[in-house]
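# Architecture at a glance
In case you want the letters, here they are:
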Amino acid sequence: MNSLEISNLRKEYKTFTLNNVSFSIPKGYIMGFIGENGAGKTTTIKSMLNLVKRDGGDVTILGKDIDIHEMEIKSSIGYVSGELFYPKKTLNQVTNVYKRFYPNWDEALYQSYLDTFHLDPSKKIDELSKGMQLKYAISLALSHHAELLILDEPTSGLDPVARDNLLEVFQSIVENEETSILFSTHITSDLDKCADYITFIKNGSIIDSCTKDDMIDKYRFVGGTKEELQQIKDRLISYRENAFGFNGLIKTKDVATTDTCKIGQPSLDDIMIFHANEGGQL
Ligand SMILES: Nc1ncnc2c1ncn2[C@@H]1O[C@H](COP(=O)(O)OP(=O)(O)OP(=O)(O)O)[C@@H](O)[C@H]1O
């Protein structure tokens with residue numbers, strides 16, 4: 001079963017179109033949602049949750065149509081957007097209001113996240129650093145046994161130790177095989193650590209959505225001399241020239257047995273960076 005199915009999602013702004021976005025997350029897995037600034041990650045997330053009105057497409061969450069079962073779905077998911085309201089209220093006060101909306105609220109679990117993230121519940125929201133606010137928002141989202149967690153850049157304001165802790169929390173959450181996680185990020189090393197699937201969006205269109213291993217297998221990082229660049233240039237997604245020659249990204253299927261340049265496995269960063277400049281030179 002899929003925890004999330006998005007089919008032909010469309011959203012049109014004056015200067016940007018989310019273009020028939022489709023992807024799904026199988027139950028019990030972590031999907032990383034990657035793409036450069038302005039690619040449409042937040043717009044996808046907000047449109048699928050009906051936080052902005054979409055212009056087309058179908059969204060099924062936990063087997064139910066969001067347009068028919070919106071309230072029910074929202075009590076079964078956790079969503080972290082980085083926006084926290086009520087800056088002058090204490091964590092205790094905000095939590096007391098928040099938990100009323102969630103029949104599965106687990107106070108002991110919530111307290112354990114406060115401990116894990118060293119959060120003082122008597123502090124006001126605006127007394128917390130950005131990273132602490134994020135940890136608090138994540139604690140709220142994790143404390144009602146959500147079956148799907150949707151996290152919009154959950155790691156971006158965190159230091160490396162906190163990021164690592166959080167990624168471990170994510171991995172332990174999906175271990176029960178009941179919960180799935182979609183998280184958008186620019187920090188692709190986080191995905192190297194914990195994502196099972198990757199969806200890559202560029203200019204409002206999905207470039208690919210598949211397992212992380214398949215994504216890496218589909219591309220090759222190549223490097224060689226200026227002469228070798230001439231042999232392979234037309235088949236590269238894009239490339240960067242340097243003092244010794246070039247580096248570039250190519251689809252694995254486009255590698256020829258006669259290619260003499262060095263061929264290796266790309267990182268997710270390589271895939272994103274070279275795709276950003278598709279058809280050109282960095
Ligand atoms: N309310 C809005 N009105 C008009 N345009 C918008 C609105 N919200 C977003 N956009 C535009 O949609 C495009 C995609 O933005 P979005 O926030 O979805 O990108 P993103 O991939 O989440 O980027 P980032 O990684 O920087 O958060 C951008 O060009 C943005 O300016």
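Residues numbered from 1 in each chain as written. Predicted model: local features only at pLDDT ≥ 70, side-chain atom pairs only at ≥ 80, totals over all residues. Heavy atoms only, no water.

### Notes on the packing of aromatic side chains
Test applied: Think of it this way: a Phe, Tyr or Trp ring, Trp meaning its six-membered ring, pairs with another when their centres are within 6.5 Å, and the plane angle makes it stacked under 30 degrees, edge-to-face over 60, tilted otherwise. In this scheme, a residue with accessible area under 20% of its type's maximum is buried, one over 50% is exposed, and one in between is partly exposed, where area comes from a 1.4 Å probe on protein chains only.
All chains considered together, the criterion is met by 8 aromatic pairs. When the ring of Tyr-98 is compared with that of Trp-105, the centres are 6.0 Å apart and the planes differ by 70°; the resulting orientation is edge-to-face. By relative accessible area, which is 19% here, Tyr-98 ends up buried. Relative to Phe-117, the ring of Tyr-113 has its centre 6.2 Å away and its plane inclined at 15°; by these criteria the two rings are stacked. Members of the aromatic cluster, connected to one another through ring pairs, are Tyr-98, Tyr-102, Trp-105 and Tyr-110.

### As for the side chain of His-144
Operational definition: Each helix is a run of DSSP H or I of at least 4 residues and each strand a run of E of at least 2, with the numbering of both proceeding from the N terminus. Identification of polar contacts relies on pairs of N or O atoms within 3.5 Å, with a donor-acceptor requirement for protein atoms, meaning one able to donate a hydrogen and the other able to accept it, and with residues adjacent in sequence counted only if both atoms are side-chain atoms. Contact definition: two residues touch when any of their heavy atoms are within 4.5 Å.
Mapping His-144 onto the fold places it in the loop between α5 (130-142) and β7 (148-152). A polar side-chain atom of His-144 sits 3.4 Å from the main-chain carbonyl oxygen of Ile-77. Contact partners of His-144, with chain neighbours within four places excluded, come to Ser-75, Ile-77, Gly-78, Tyr-98, Tyr-102, Asn-104 and Trp-105.

### A closer look at the domain arrangement of the protein chain
Formally: Bear in mind that the domain bounds are from an automatic or database domain assignment. By definition here, a salt bridge exists when the distance from a side-chain nitrogen of Lys or Arg to a carboxyl oxygen of Asp or Glu is within 4 Å.
Entries for the protein chain in the domain assignment read domain 1 (2-214) and domain 2 (218-276). With centres defined by C-alpha atoms, the gap from domain 1 to domain 2 works out at 34 Å. Between domain 1 and domain 2, the contact holds 15 residues from the first and 8 residues from the second. Remark: the boundary between domain 1 and domain 2 carries 1 salt bridge. Its salt-bridge partner being Lys-218, residue Asp-208 comes within 2.7 Å of it at the nearest N-O pair. Summed over the shared surface of domain 1 and domain 2, the number is 4 residue pairs in polar contact (both at pLDDT 80 or more). Sorting the residues of the side of domain 1 that touches domain 2 by element identifies α7 (188-194), β9 (197-202), β10 (205-211) and α8 (212-217) as the ones contributing at least two each.

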